[in-house]
Amino acid sequence: DFEADRRAMQYEKYEYDAMMDAAHEAFMGQVEETIHEQAQGSARAYLGTYGDAISARIDACLASAVALADSGEYGPAVTSACTAIELTINYLLLRPLVQGAFLSDVWAGILTDAVLNSRAGYRELLPAVAKGWDLDLDAVRLASGAVAWGAFTGQIWPLRRKVVHLGMPVGEAQAWMAIECAEVLLSGLVVPAARRLGMGWPDDPWHS
């Protein structure tokens, strides 16, 4: 019967199409999983190579900021704390995580440098990268309850610019807030990022 044969062939086509769709979805899922694994591997490679040297510079900046604040040099303390924050964001977060997303240190370097040298800089790039790696910027808070990222972009960084370019005097509370912000962003963002990458910093050195 022609009609029965036609229906049988049509059913076989539907079944074949459904099988191919399922195979395609499975294949794409495998590709995405592989890419994610490669992205993590790339980020781990970057931090394993450069993380210890970067962390040492951050620690030195924070130690300098604390010493300056203790001696009443509040303006320089703010600038040292801001340098620690910039190193943290640029080289322990953005560079390795962007490099992981692009699977290429060359493209990561080009993109990161271009964005960081623009007017918006990391103020726009970090929220986007944090979201992509499931890092909650709003959850990282100072002892006062203020969001650390908001305090840095809204208060501390503008203060640093006024100190450097206008010689603006800085109060003791402002200096210690900058130091706290540097410490909180380091522990609240870099530690979770390291855990997502399967790395044990700060308990273990990056290279391990």
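Look a little higher up for the structure.
This one's a predicted model, so the numbers in the text were calculated from it and none came from an experiment. Along each chain, the written sequence defines residue order, and numbers are assigned to residues from 1. Predicted model: local features are reported for residues with pLDDT of at least 70 only, side-chain atom pairs are reported and counted for 80 or more only, and whole-chain, interface and lining totals are derived from all residues. For the side-chain quantities, the full set of heavy atoms in the structure was used; hydrogens and water were omitted.

Chemist: Even after reading the chapter, I still don't get the pattern of salt bridges, so can you show me in this structure?
Modeler: Close approach of charged atoms allows side chains with opposite charge to pair. One speaks of a salt bridge when a side-chain nitrogen belonging to Lys or Arg is within 4 Å of a carboxyl oxygen belonging to Asp or Glu. For the coordinates displayed, the defined rule picks out one salt bridge. Note that D203 and R195 form a salt bridge whose closest N and O atoms lie 4.0 Å from each other. By relative accessible area, which is 39% here, R195 ends up partly exposed. Exposure classes here rest on a 1.4 Å probe applied to the protein chains alone. A residue is buried below 20% of its type maximum, exposed above 50%, and partly exposed in between.

Chemist: Even after reading the chapter, I still don't get helix α5 (residues 148-166), so can you show me in this structure?
Modeler: Every α-helix carries 3.6 residues per turn, so stepping three or four residues along brings you back to the same face. Its maximal kink placed at I156, α5 deviates by approximately 35°, while the proline P158 follows within four residues. Only DSSP runs of H or I covering at least 4 residues are called helices, and only runs of E covering at least 2 are called strands; the numbering of each starts at the N terminus. By the burial criterion, the buried members of α5 are A148, W149, A151, F152, I156, W157, L159 and V163. A positive phi of about 65° marks G167, the residue just after α5. A residue's bend is the angle separating two fitted axes: one through the seven residues that end there, the other through the seven that start there.

Chemist: I keep staring at unusual backbone geometry and nothing clicks. Help me out?
Modeler: Note: most residues except glycine have negative phi, and most peptide bonds are trans. Across the junction of W201 and P202, the peptide omega takes the value 10°, indicating a cis bond. Note on placement: P202 falls in the segment after α6 (172-196). One non-glycine residue, D134, lies in the positive phi region at around 60°. Considering the arrangement of structural elements, one finds D134 in the loop between α4 (122-132) and α5.

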